Amino acid sequence: MSTTEVDTNAAFKKVLFERLNFYFEKNQLSKKGNWEMTLKVTFALAWWIGSYVLLLAYDWNYTQFFFLYLFQGLGQIFMFLNIAHDANHNSISNKKIVNKVLSYVLDACGISSYMWRIMHNKGHHAVMNVYGDDEGIFAHGIFRFSPHAEWKWMHQFQHLYVFPMYGITTLDFLFVKDFEYLFFNNNKHVEDVKHPLREWITIIGSKILYLFYMIGIPVIVLHFSLWQVLIAFVVTHLIMGLAAAWIIQTAHLLDINEFPETRYDLDFVDHIFATTTDYATRSRIANFICGGLNHHVVHHIFPQVAHTHYPKLTKIVRDTAAEFGVEYRENRYMYQAMAHHLKLLKLLGKPPVSMTSQNFAKDNNASVS
């Protein structure tokens, strides 16, 4: 990088942060949740609790029960994305106790908020797309998400089996991941962590509670057979898993993004722009559903800012990057992000040749709009 490019890059970062912070100062806004965030939290909790009460309130036939059960599960995913993610970043409120209490909606759905904070905040936010550091691209070798990962013969089919495998995302957290990190500490981000006794109790207890109210109570109260409830449970989680995985994976794991070898290859802001692509930021539907994860660049810049501010902040990022000639990538529609994710899986499924992280981006920028 020439001296001029270095100076331009430094000026861009200075101006970008000035403009992002000025947005809050000019509009006299807190960086935490606003009225819109309060409305979303209320809506999400009402969906989750109300749909469960409705599920048990009447003598439904099995078809009616099945679809109400699915509706309740979708409420859980909406809570994950729109409450739990922000709460675990301490971005909903200036009061830590509010964020802490709301973070437990994750535990209430059988997934450990404690373990999620460790693995997401330590094992992702500073090390995006860095193989061996970013927990999100490890995948137990089932997928090859990085050119630096070991290739296995089955990876040539990963762009096909991605669909059923993504379906087990929430089941993996519920039955496997949390226990792996709790009992075996088999990840570098937890290998030296001594988990407090209260977290052992919370993790195990919350999973038992979740299985009881999602499986046990419907069997006891509604008198459906165990296998009928289990079918509804598994199908609901397959759909929940697919929804969560596609919303999360389509920001970083794309053929147009870079995969640095270490967290020190780039500075913080350059790393974000190199490894992250936004999608559907102009879509009101996506903004309502995704909890800000479609505005992923600004989320990594300001992870402790409530996601309801992201649409305005993303426009500042987009305009400032264009002004300074800095590459900001965005897929206008989600299907484009999904297509780039599948292209990455297909590319990395081929037997490896010598490649660098830039190989993925150099020929594909023209297809991003």
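Scope of this entry: the structure provided in the associated data block. (Residues numbered from 1 in each chain as written. Predicted model: local features only at pLDDT ≥ 70, side-chain atom pairs only at ≥ 80, totals over all residues. Heavy atoms only, no water.)

### What about helix α10 (residues 268–275)?
A large share of α10 lies buried, amounting to six of its eight residues. For α10, the full list of buried residues reads V269, H271, I272, F273, A274 and T275. (Buried < 20%, exposed > 50% of the residue type's maximum accessible area, 1.4 Å probe, protein only. Helix = DSSP H or I, 4+ residues; strand = E, 2+ residues; numbered from the N terminus.)

### Some thoughts on the packing of helix α7 (residues 169–184) against helix α9 (residues 226–249)
Two numbers describe a pair of packed helices, the interaxial angle and the distance between the axes. At a minimum axis separation of 6 Å, α7 and α9 run at an interaxial angle of 110°. The angle between α7 and α9 places the two elements in the roughly perpendicular class. Across the interface between the two elements, T169, T170, L171, L174 and F175 of α7 pack against F233, H237, M240, G241 and A245 of α9. Split into classes, the residues belonging to the contact of α7 with α9 amount to six nonpolar, four polar and no charged. (Axes fitted to C-alpha atoms, helices over the stretch in contact; angles between N-to-C directions. Parallel < 35°, antiparallel > 145°, perpendicular 65-115°, else oblique. Contact = heavy atoms within 4.5 Å. Nonpolar A, V, L, I, M, F, W, Y, C, P; charged D, E, K, R; others polar.)

### So, a nonpolar patch on the surface
On the surface, F43, I285, F288 and I289 cluster together into a nonpolar patch covering about 380 Å² of accessible area. It is helix α11 (residues 284–289) that provides the largest number of residues to the nonpolar patch, a total of three residues. For F43, the position within the fold is in helix α2 (residues 35–57). Look at F43 and you get partly exposed, because its relative accessible area is 39%. (Patch = residues over 30% accessible without salt bridge, like charges linked within 9 Å, V, L, I, M, F, W, Y side chains within 5 Å. Areas by Shrake-Rupley, 256 points an atom, 1.4 Å probe, with all protein chains shown as cover. Salt bridge = Lys/Arg side-chain N within 4 Å of Asp/Glu carboxyl O.)

### Looking at the nonpolar core
Counting 49 residues, the largest nonpolar core has F65, Y69, I83, Y213 and F233 as the members making the most contacts within it. Ignoring anything within four residues of it in the chain, the contact list for F65 reads L55, W60, P218, L222, F224, V229 and A232. The next biggest cluster of nonpolar side chains, apart from the first, holds 20 residues, and it includes L16, I272, V298 and A321. (Core = buried A, V, L, I, M, F, W, Y, C linked by side-chain atoms within 4.5 Å.)

### So, the pattern of salt bridges
Applying the stated criterion across every chain, the model contains 13 salt bridges. Here K14 makes a salt bridge to E18, at a shortest N to O gap of 2.7 Å. Separated by four residues within a single helix, K14 and E18 lie in helix α1 (residues 3–26), roughly one turn from each other. By relative accessible area, K14 is classed as exposed at 54%. A salt bridge links K343 to D255, with the shortest nitrogen-to-oxygen separation between them at 3.7 Å. Here K343, found in helix α14 (residues 334–348), pairs with D255, found in the loop between α9 and α10; they are 88 residues apart in sequence, far enough to count as distant. For D255, a relative accessible area of 3% puts it in the buried group. By sharing partners, the salt bridges in this structure join K13, D267 and D270 into a single network.

### Quick word on the environment of L254
With respect to the helices, strands and loops of the structure, L254 is situated in the loop between α9 and α10. The spatial distance from the C-alpha of L254 to the C-alpha of L174 is 27 Å, given a sequence separation of 80 residues. What L254 contacts, discounting residues up to four positions off in sequence, is Q249, F259, T277, N331, A337, H340, H341 and L344.

### Observations regarding the packing of aromatic side chains
The description of an aromatic ring pair rests on the distance of the ring centres and on the angle between the ring planes. Tallied over the full model, the rule gives 29 aromatic pairs. With 5.5 Å between their ring centres and 80° between their planes, F43 and F78 make a pair best called edge-to-face. Residue F43 is located in helix α2, and its partner F78 is located in helix α3 (residues 62–88); the two are separated by 35 residues in the primary sequence. Summarising the aromatic geometry, the rings of W153 and F157 are spaced 6.4 Å apart at their centres and angled 80° between planes, so their arrangement reads as edge-to-face. The exposure class of W153 is exposed, given its relative accessible area of 60%. (Phe/Tyr/Trp six-rings, centres within 6.5 Å; stacked < 30°, edge-to-face > 60°.)

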